[in-house]
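Chains, contacts and geometry: an overview
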Amino acid sequence: MKIGIIGSPQTGKTTLFESLTKGTTQVSQSRTNVAAVSVADADLDFLASVFKPKKTTPASVEFADVPGIPSGQEHASRRNELLKDVKNVDALVEVFDAFSLKPSPGELISRIESFELDLALVDLEIVEHRLERMKREKLTPPLEHERELLTSAQACLSAGKALRSLGLADEDRKALNSYAFITLKPVMYVMNITMTDEAAAKRLETDLSTTADQVDATVMVLDAKLEREISELPPNEQTEFLQEFGLSGSAIDTFISRAYKLLRLRTFYTAGEDECKAWVIEAGTQAREAAGKIHTDIARGFIAAEVISLDDFRKADNSFKIAKEKGLLRIEGENYVVKNKEIAHFRFNVSH
Ligand SMILES: Nc1nc2c(ncn2[C@@H]2O[C@H](COP(=O)(O)OP(=O)(O)O)[C@@H](O)[C@H]2O)c(=O)[nH]1
Ligand SMILES: [Mg+2]
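Here the structure is a predicted model, which means the values were calculated and not measured.

**Overview of the site of ligand 1**
Within the structure, ligand 1 sits among 14 residues, and Q10, K13, T14, T15 and N192 are positioned closest to it. Taking G12, its main chain carries an N or O atom lying 2.9 Å from an oxygen atom of ligand 1. Here ligand 1, which alone exposes 580 Å², has 76% of that area covered by the protein. Listed by contribution, the elements that provide at least two residues to the shell around ligand 1 are α1 (13–21) and α8 (224–232). No other element matches α1, which puts three residues into the shell around ligand 1. The residue makeup of the shell around ligand 1, split by class, is three nonpolar, eight polar and three charged.

**Things to note about the layout of surface pockets**
In this structure, the largest pocket encloses a volume near 1300 Å³. D90, R173, P186, L263 and E282 are, among the 35 residues lining the largest pocket, the residues nearest its centre. Looking at the lining of the largest pocket, the elements that each hand over two or more residues are β4 (60–65), α6 (170–175), α10 (252–262), β9 (275–282) and α11 (287–294). Within the lining of the largest pocket, the residues separate by chemical class into 17 nonpolar, five polar and 13 charged.

**Looking at the domain arrangement of the protein**
Its domain assignment divides the protein into domain 1 (2–99 + 186–260), domain 2 (107–161 + 168–176) and domain 3 (284–348). Distance from the C-alpha centre of domain 2 to the C-alpha centre of domain 3: 42 Å.

**Describing the coordination of the magnesium ion (ligand 2)**
Note on the magnesium ion (ligand 2): its protein donors are T14 (OG1) and Q29 (OE1). The metal-donor distances range over 2.1 to 2.8 Å. With T14 in helix α1 and Q29 in the loop between α1 and β2 (33–38), this pair connects stretches of sequence that are 15 residues apart. Overall, the relative accessible area of 13% leaves T14 in the buried class. Under the relative-accessibility criterion, Q29 is labelled exposed at 60%.

**Concerning unusual backbone geometry**
Its identity as a non-glycine residue notwithstanding, D216 has a phi of 60°, on the positive side. Mapped onto the elements, D216 comes out in the loop between α7 (198–214) and β7 (218–222). For D216, a relative accessible area of 47% translates into the label partly exposed.

Rules used throughout
Residues numbered from 1 in each chain as written. Chains lettered and ligands numbered in written order. Predicted model: local features only at pLDDT ≥ 70, side-chain atom pairs only at ≥ 80, totals over all residues. Heavy atoms only, no water. Near = heavy atom within 4 Å. Polar contact = N/O pair within 3.5 Å; in protein donor to acceptor, adjacent residues only side chain to side chain. Areas by Shrake-Rupley, 256 points an atom, 1.4 Å probe, with all protein chains shown as cover. Helix = DSSP H or I, 4+ residues; strand = E, 2+ residues; numbered from the N terminus. Nonpolar A, V, L, I, M, F, W, Y, C, P; charged D, E, K, R; others polar. 1 Å grid on protein atoms, 1.4 Å probe; cavity = no way out; pocket = protein on both sides within 12 Å on 5 of 7 lines; lining within 4 Å. Points joined across faces, edges and corners; volume = space filled by probe spheres on them. Domains from an automatic or database assignment. Donors = N, O, S within 2.8 Å, 3.2 Å for Na, K, Ca; no water. Buried < 20%, exposed > 50% of the residue type's maximum accessible area, 1.4 Å probe, protein only.

Here it is in structure tokens:
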């Protein structure tokens, strides 16, 4: 999974990137920074404590921190250039400065709108260019349908609205896939504040959620600078630091779990003495396809999946053997939809 971090200059994007990467990556201000971040997962830690495997492999997310995107017509080509770095990400995090001059919720909403207007213009240019060319082409029925889709996209973007807000059906979304429209990607708005108290942060989040909901986005309020400070501390000092500031926890874990929700992602585990590993799948993924994440051979020779929820595994004294005896270990077929936080073991047969 890839997530792009974008925003106007000086909003705290690189600071957020550094708190995600815990300072392990040398950052540049003029080029896009890319790094894979391991996802902290207490359930995977639990499995590792049970199986004591040779290797524990958490899920990972790739973040791309793009330099500040300038506003205004005169910067259109620079904007296009920078946005190329997020063409193939799965979701966008848009960071806004809510720390300097303490902007009101209304002011923040207009900043969101103005930033998204710039993005809409980037997509609009692509749409209009394509529509212009289509005028000279002989259109097959699928292309005719695509032209209709692009015409409604043009109206949406001309009104300064993101393509997300069209609420396209999955097949229409697929038909537009090759354009890699920036405003069609799932979005999380990050309001970068100076944390004074968590209750105030929560209130701001609630104030902005209604607006975010309307444009099919999600919102998160955090203090990037504070998060970077926390991430630099050894784990035992982090707790102390959080208490001192009257904070209940770091926002980074919440940030990751919201990103998962945004992308409709689920986690399943494989667990044994060799390795305990977290696997990321999209909601609705069936057993054979989930098996294919591990190896294409396992998908091809798929026989069955043995699955158990983490809760049931705990009820069975953390033992597959007891789980089997108690009938808690289930055998499922290829079309079984793998649930979040299940442990799975795939039986397969490769005959040649
Ligand atoms: N007061 C305050 N300053 C911040 C915060 N986040 C970032 N900054 C400062 O804003 C400036 C720009 O931050 P940076 O992360 O480089 O922004 P970018 O241009 O969006 O990558 C730096 O001087 C940061 O120290 C914050 O939450 N509070
Ligand atoms: Mg930066």
